[in-house]
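Commentary on secondary and tertiary structure
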Amino acid sequence: ERDWPEEYVQRLRLLGEVFANTLERRIADEALRESEARLRLATDAAGAGVWSWHFETGRIWATEKALVLHGFSPGEDMTFDRFVSAIHPDDRERVSRAARQAFQEGKDFDSEYRVLLQDGSIHWIRARAKAFLKPSGEPERMMGVSMDICQRKQYEGELAKLRLELAHMSRIMTCLL
């Protein structure tokens, strides 16, 4: 056993705390990277784009997939007004109003709308989001996910046509009987 001067003991304790904090931070960083990788895998598998709209600045952070879904270039700077400008004119006011209302009231947002891409094509998007309020009740941010639903809309259109044909055939069959 050895007697150490109190000054050395305090320094060794401090050094031990620094090492312990560094190790804890490294473990937390690895857990965060693992969590981010899982989220990225899930959103990539679902074909989903993730975004976050900050109310005070009007700025939108978005994953590359979310930007591409809405017709923007990867890395493009995004604001809410810029985002709304990409929405089909017939859907623009409805979506903008619903998003702002959900944000103001701290409610969930769920909407389907068309986006006009730069090549003139139209894509259907479904966006779902959750609004977060400050403790004061004022809007803070809205986090959401957007997905391409073009194929579903195409199938819905085909199904509607088939239903009409079936109804027409049913009327013909009724007349024949």
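Everything numeric in this text was worked out from a predicted model, so none of it was measured. (Residues numbered from 1 in each chain as written. Predicted model: local features only at pLDDT ≥ 70, side-chain atom pairs only at ≥ 80, totals over all residues. Heavy atoms only, no water.)

The next thing to look at is the nonpolar core. In terms of nonpolar packing, the biggest core is built from 27 residues, with Trp51, Trp53, Ile60, Phe83, Phe109, Tyr113 and Met142 touching the most fellow members. Elements supplying a minimum of two residues to this core: strand 1 (48-54), strand 2 (60-62), helix 2 (64-69), helix 3 (80-85), helix 4 (89-105), strand 3 (108-116) and strand 4 (122-133). Look past the residues within four positions of Tyr113 in its chain and what remains in contact with it is His70, Phe83, Ile87, Asp91, Arg94, Val95, His123, Trp124, Ile125, Ala127 and Ser146. (Core = buried A, V, L, I, M, F, W, Y, C linked by side-chain atoms within 4.5 Å. Buried < 20%, exposed > 50% of the residue type's maximum accessible area, 1.4 Å probe, protein only. Helix = DSSP H or I, 4+ residues; strand = E, 2+ residues; numbered from the N terminus. Contact = heavy atoms within 4.5 Å.)

All right, on to the side chain of Asp91 then. One can find Asp91 in helix 4. Residue Asp91 is classed as buried on the basis of its relative accessible area of 6%. A polar contact is formed between the side chain of Asp91 and the backbone nitrogen of Arg114, at a distance of 2.8 Å. (Polar contact = N/O pair within 3.5 Å; in protein donor to acceptor, adjacent residues only side chain to side chain.)

What follows deals with the sheet that holds strand 1. Reading across the sheet, the 5 strands line up as 2-1-5-4-3 and stay open at both edges, with antiparallel pairing between neighbours. Of all the strands in the sheet, just strand 2 and strand 3 have a single pairing partner and so form its edges. Looking at each pair of strands side by side, their axes are set apart by 25° on average, direction ignored. Pairing of strand 4 with strand 5 (residues 139-148) involves 9 bridges; the strand directions are antiparallel. Looking across to strand 5, one finds that Arg128 is bridged to Val145. Here helix 4 sits on the sheet and contacts strand 1, strand 3, strand 4 and strand 5; the angle it forms with strand 3, its principal contact strand, is near 155°. Docked against the sheet, helix 5 (residues 150-176) engages strand 3, strand 4 and strand 5, running at close to 120° with respect to strand 4. (Pairing = 2+ DSSP bridges. Axes fitted to C-alpha atoms, helices over the stretch in contact; angles between N-to-C directions.)

This part covers the pattern of salt bridges. One pass over the structure, following the stated rule, counts 18 salt bridges. With a closest N to O distance of 3.2 Å, Glu34 and Arg38 form a salt bridge. You can see Glu34 and its partner Arg38 sitting in helix 1 (residues 6-46), 4 residues apart, about one turn around the helix. In this structure Glu34 comes out as partly exposed when scored by relative accessible area, which is 43%. Between Glu112 and Arg152 there is a salt bridge, and its shortest N-O distance comes to 2.6 Å. Placement of Glu112 in strand 3 and of Arg152 in helix 5 is noted, with a sequence separation of 40 residues between them. Among the charged side chains, a salt-bridge network with shared partners connects Glu112, Arg152, Lys153 and Glu156. (Salt bridge = Lys/Arg side-chain N within 4 Å of Asp/Glu carboxyl O.)

Where strand 1 lies against strand 5, 7 bridges are found, and the strand directions are antiparallel. Its bridge partner being in strand 5, His54 is matched across the sheet by Arg141.

Further remarks concern helix 4. Taking 1.5 Å of rise per residue, 17 residues should cover 24 Å, and helix 4 covers 25 Å from first to last C-alpha, within 8% of that figure. Those residues of helix 4 lying buried are Asp91, Val95, Ser96, Ala99, Ala102 and Phe103. All buried residues of helix 4 lie within an arc of 140° about the axis, which places them on one face of the element. The outward face of helix 4, more than 90 degrees from its buried face, is lined by the exposed residues Asp90 and Glu93. Positive backbone phi, approximately 70°, marks Gly106, located one or two places after helix 4. (Expected span 1.5 Å × (residues − 1). Arc of directions from axis to C-beta.)

The subject of this paragraph is a nonpolar patch on the surface. A surface patch of nonpolar side chains, about 560 Å² in accessible area, is lined by Trp4, Tyr8, Leu12, Leu15 and Phe19. Along the polypeptide, Tyr8 turns up in helix 1. (Patch = residues over 30% accessible without salt bridge, like charges linked within 9 Å, V, L, I, M, F, W, Y side chains within 5 Å. Areas by Shrake-Rupley, 256 points an atom, 1.4 Å probe, with all protein chains shown as cover.)

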